[in-house]
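# A structural walkthrough
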Amino acid sequence: MDCLFCKIVNKELPSKVLYEDDKFVCFMDINPHTKGHCLVIPKEHAENFTALDNDTVGEFAKLVHRIAPQVAGMMKADAYNVGMNNGAAAGQVIGHVHWHIIPRYRNDGLEYWGINEEEVSKLDERFTELDGKIK
Ligand code: 5GP
Ligand code: ZN
């Protein structure tokens, strides 16, 4: 399989690794949104968040929870985002699940998401229909 991040895991492609254990790797993003932007991935290939088993998600989240504040601290950042794009329409470019850690700095100018008030009110109606339906 021709997966860029599997190649990073297998060291067939170079990367700046911040953390590695038997199941996960954290490495610097090649095109950082802010200083210190890095990615955490499971070593075993999975296309996206949905494809992961629930136990792996638990370990993955715990690791990001541990690493993200350390990255932000090392960078002397004011805050950080953790985020994941799942599917092309959500901005996923690399088909190997990855969690972004993006240190944030006061007035760094990075803008994230956002929809207008009219769309928000339509969503409120739809959420009412969803009440209690998520298993
Ligand atoms: P996505 O849009 O799929 O959520 O994010 C993919 C991320 O991978 C982007 O932030 C992009 O800069 C990063 N990326 C793409 N190719 C490489 C690479 O070869 N090496 C590293 N370190 N990061 C990469
Ligand atoms: Zn892969």
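Notes on the structure in this doc start here. (Residues numbered from 1 in each chain as written. Chains lettered and ligands numbered in written order. Predicted model: local features only at pLDDT ≥ 70, side-chain atom pairs only at ≥ 80, totals over all residues. Heavy atoms only, no water.)

## A closer look at the packing of aromatic side chains
What describes a pair of aromatic rings is the distance from one ring centre to the other and the angle between the planes of the rings. Under the criterion given, the structure shown has 4 aromatic pairs. Here Phe 24 and Phe 60 contribute two aromatic rings whose centre-to-centre distance is 5.4 Å and whose plane-to-plane angle is 20 degrees, an arrangement assigned as stacked. One end of the pair, Phe 24, is in strand β2 (residues 24-28); the other, Phe 60, is in helix α2 (residues 54-74), and 36 residues separate them in sequence. Like Phe 60, Phe 24 is buried. An aromatic cluster is defined as three or more aromatic residues linked by ring pairs; in this entry it consists of Phe 24, Phe 49, Phe 60 and Trp 99. Here the basic side chain of Lys 35 rests over the ring of Tyr 105, its NZ or CZ set 5.5 Å away from the ring centre. (Phe/Tyr/Trp six-rings, centres within 6.5 Å; stacked < 30°, edge-to-face > 60°. Helix = DSSP H or I, 4+ residues; strand = E, 2+ residues; numbered from the N terminus. Buried < 20%, exposed > 50% of the residue type's maximum accessible area, 1.4 Å probe, protein only. Lys NZ or Arg CZ within 6 Å of the ring centre and 35° of its normal.)

## Observations regarding the coordination of the zinc ion (ligand 2)
Surrounding the zinc ion (ligand 2) are the protein donor atoms Cys 3 (SG), Cys 6 (SG), His 45 (ND1) and His 96 (ND1), which sit 2.0 to 2.3 Å from the metal. What the 4 donor atoms of the zinc ion (ligand 2) show is an angle range of 105 to 116 degrees at the metal, which sorts the shape as tetrahedral. Mapping the donors of the zinc ion (ligand 2) onto the primary sequence gives the spacing C-x2-C-x38-H-x50-H. Each member of the pair, Cys 3 together with Cys 6, is buried. (Donors = N, O, S within 2.8 Å, 3.2 Å for Na, K, Ca; no water. Tetrahedral: all angles 85-135°; square planar, octahedral: opposite > 155°, others 65-115°.)

## Section: helix α3 (residues 117-130)
For α3, which comprises 14 residues, the first-to-last C-alpha distance of 20 Å matches the rise-based estimate of 20 Å (1.5 Å per residue) to within 8%. At the N-terminal boundary of α3, the capping side chain belongs to Asn 116, with an oxygen 3.2 Å from the backbone nitrogen of Glu 118. Just beyond α3, the residue with positive phi is Gly 132, at close to 75 degrees. (Expected span 1.5 Å × (residues − 1). Polar contact = N/O pair within 3.5 Å; in protein donor to acceptor, adjacent residues only side chain to side chain.)

## Let's talk about the site of ligand 1
Of all residues adjacent to ligand 1, which total 16 residues, the nearest are Asp 29, Asn 85, Gly 91, Val 93 and His 98. Note that an oxygen atom of ligand 1 is positioned 2.4 Å from one of the side-chain N or O atoms of Asp 29. His 98 places a polar side-chain atom, nitrogen or oxygen, 2.7 Å from an oxygen atom of ligand 1. Contact with the protein chains hides 83% of the accessible area of ligand 1, taken as 520 Å² for the molecule alone. At the level of secondary structure, the elements contributing two or more residues to the shell around ligand 1 comprise α1 (4-9) and β2. Of all the elements, α1 adds the most residues to the shell around ligand 1, at 3 residues. Split into classes, the residues belonging to the shell around ligand 1 amount to 9 nonpolar, 6 polar and 1 charged. (Near = heavy atom within 4 Å. Areas by Shrake-Rupley, 256 points an atom, 1.4 Å probe, with all protein chains shown as cover. Nonpolar A, V, L, I, M, F, W, Y, C, P; charged D, E, K, R; others polar.)

## Topic: the environment of His 37
With respect to the helices and strands, His 37 occurs in the loop between β2 and β3 (38-42). Judged by relative accessible area, His 37 falls into the buried class, the value being 1%. Counting along the chain gives 43 residues from His 37 to Tyr 80, while the straight-line C-alpha distance between them is 9.4 Å. Beyond its immediate stretch of four places on either side in the chain, His 37 contacts Met 28, Asp 29, Asn 31, Pro 32, His 100, Ile 101, Ile 102 and Pro 103. In terms of polar contacts, His 37 uses its side chain to reach the backbone amide nitrogen of His 33, at 2.9 Å. (Contact = heavy atoms within 4.5 Å.)

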